[in-house]
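Each chain, letter by letter, is given below.
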Amino acid sequence: MPSLRRYARALLRDMDIADDLVQDCLERALSRRHLWRGGLDLRPWLFRILHNVCMNEVRARRTRPVHESIDRIVDLPAGPEGHDARLELQEMETALDQLVEEQRQVILLIALTGLSYRECAQALDVPVGTIMSRLSRGRERLRELLKDETNSPSRVLRRIK
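The rules behind each value
- Residues numbered from 1 in each chain as written.
- Predicted model: local features only at pLDDT ≥ 70, side-chain atom pairs only at ≥ 80, totals over all residues.
- Heavy atoms only, no water.
- Helix = DSSP H or I, 4+ residues; strand = E, 2+ residues; numbered from the N terminus.
- Buried < 20%, exposed > 50% of the residue type's maximum accessible area, 1.4 Å probe, protein only.
- Contact = heavy atoms within 4.5 Å.
- Areas by Shrake-Rupley, 256 points an atom, 1.4 Å probe, with all protein chains shown as cover.
- Core = buried A, V, L, I, M, F, W, Y, C linked by side-chain atoms within 4.5 Å.
- Axes fitted to C-alpha atoms, helices over the stretch in contact; angles between N-to-C directions.
- Parallel < 35°, antiparallel > 145°, perpendicular 65-115°, else oblique.
- Left-handed = near helix turned anticlockwise from the far one by under 90°.
- Nonpolar A, V, L, I, M, F, W, Y, C, P; charged D, E, K, R; others polar.
- Polar contact = N/O pair within 3.5 Å; in protein donor to acceptor, adjacent residues only side chain to side chain.
- Salt bridge = Lys/Arg side-chain N within 4 Å of Asp/Glu carboxyl O.

Enquirer: Is there a simple way to think about the overall build of the protein chain in this case?
Expert: When helices and strands are tallied, the protein chain shows eight helices and zero strands. When burial is assessed residue by residue, the protein chain has 34% of its 161 residues classed as buried. Considering only contacts within the protein chain whose residues lie at least 6 apart along the sequence, 60% involve residues at least 24 apart. Surface summary for the protein chain: the accessible area is close to 10,400 Å², and the carbon and sulfur share equals 52%.

Structure (C-alpha cells):
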C-alpha cells in the first residue's frame, strides 16, 4: 500500500486525491478479487488497477472544476537546507511535468515504487521492451531538462544517477 500511495501522489501531486485514488483502487481490487490470477504477482495487478482508476479520474476531472484547498500547502523545513530541497523538488516536478505521460508513468513506477521492468510492463499492459524504451527516453529527456545554464547537470540530476 505505501508503494501505491507514493505512485498515486507522484502522479496526482495532491495527497488527498491520491489517498482517495488508492482507496478506490483497493476497493476495486477487493470487489474483483475473483479476477486475479493467483499465480501472478499481486503488485502489478494492483498498479494496473490504480493506473486505470487514475486515468478514469483524470478524464472525469477535465469536465469538473478544480478546487484548491489552503490546507494542501506542504511545509518543508526552514533554513538553507529546506530552501535548497524545495528548489530541487520544484525543479524535478517541473521536469517531470514536461515529460510525455507514458515516460513519466514508467519513470515513476520504476524509480519511485521499485517495480521491476516486468512488473511495470504488467501494470501498464505493454511489452517489457516498451518499458525499457520509455524509461531510456524519459531519463534522457530529464537529463536535458535538468541541465543548468552552463550545460552541466544540476544537483537534482546528479542525485538520480
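There is more to say after this.
Enquirer: Explain the environment of Ile17 to me, please; I cannot follow it from the model alone.
Expert: Following the sequence through the fold, Ile17 ends up in helix α2 (residues 15-31). Ile17 sits 40 residues away from Glu57 along the chain, and the two C-alpha atoms are 9.7 Å apart. Apart from residues lying up to four places away in sequence, Ile17 is in contact with Leu12 and Arg61.

Enquirer: Got a minute to help me understand the nonpolar core in this structure?
Expert: Nonpolar side chains in soluble globular proteins tend to end up buried together. Among the nonpolar cores identified, the biggest contains 38 residues, and Phe47, Leu50 and Ile131 are the most heavily contacted of them. Listed by contribution, the elements that provide at least two residues to this core are α1 (2-12), α2, α3 (42-61), α4 (80-97), α5 (101-112), α6 (117-124) and α7 (128-145). Ranked by the residues each element gives to this core, the list is headed by α3, at eight residues. Other than its neighbours up to four places away in sequence, Ile131 contacts Val106, Ile110, Tyr117, Cys120, Ala121, Leu124 and Val126.

Enquirer: How do you make sense of the packing of α1 against α2 when you look at a structure like this?
Expert: Contact pair α1 / α2: the axes reach a minimum separation of 8 Å and the direction vectors enclose 130°. On the basis of their axis angle, the class for α1 and α2 is oblique. Considering how the two elements wind past one another, α1 and α2 form a crossing that is right-handed. The segment α1 lies against α2, with Leu4, Arg5, Ala8, Arg9 and Leu12 engaging Met15, Ile17, Ala18, Asp19, Leu21, Val22 and Leu26. Per-class residue counts for the contact of α1 with α2 are nine nonpolar, no polar and three charged.

Enquirer: I tried to follow the environment of Asp125 on my own but got confused; where do I start?
Expert: Its location among the elements puts Asp125 in the loop between α6 and α7. The class for Asp125 is exposed, based on a relative accessible area of 57%. When the C-alpha positions of Asp125 and Pro44 are compared, they lie 9.4 Å apart, and in sequence the two are 81 residues distant. A polar atom in the side chain of Asp125 sits 2.7 Å from the side chain of Arg48.

Enquirer: Would you mind going over the pattern of salt bridges with me for this structure?
Expert: Taken as a whole and judged by the stated rule, the model has six salt bridges. Measuring nitrogen to oxygen at the nearest pair gives 2.7 Å for the salt bridge that ties Asp125 to Arg48. A residue pair is termed long-range when its members are at least 10 positions apart, and Asp125 in the loop between α6 and α7 and Arg48 in helix α3 qualify at 77 residues. Between Arg104 and Glu101 there is a salt bridge, with the nearest N and O atoms lying 3.1 Å from each other. Linking Arg104 with Glu101, this pair stays in helix α5, spanning three residues, or about one helical turn.

Enquirer: Would you mind going over α1 with me for this structure?
Expert: Given 3.6 residues per helical turn, the α-helix brings residues three or four places apart onto the same face. All of the buried residues in α1 are Ser3, Leu4, Tyr7, Ala8, Ala10, Leu11 and Leu12. In this structure, the buried side of α1 is in contact with α2, α3 and α5. Once α1 ends, the next one or two residues include Arg13, with phi positive near 55°.

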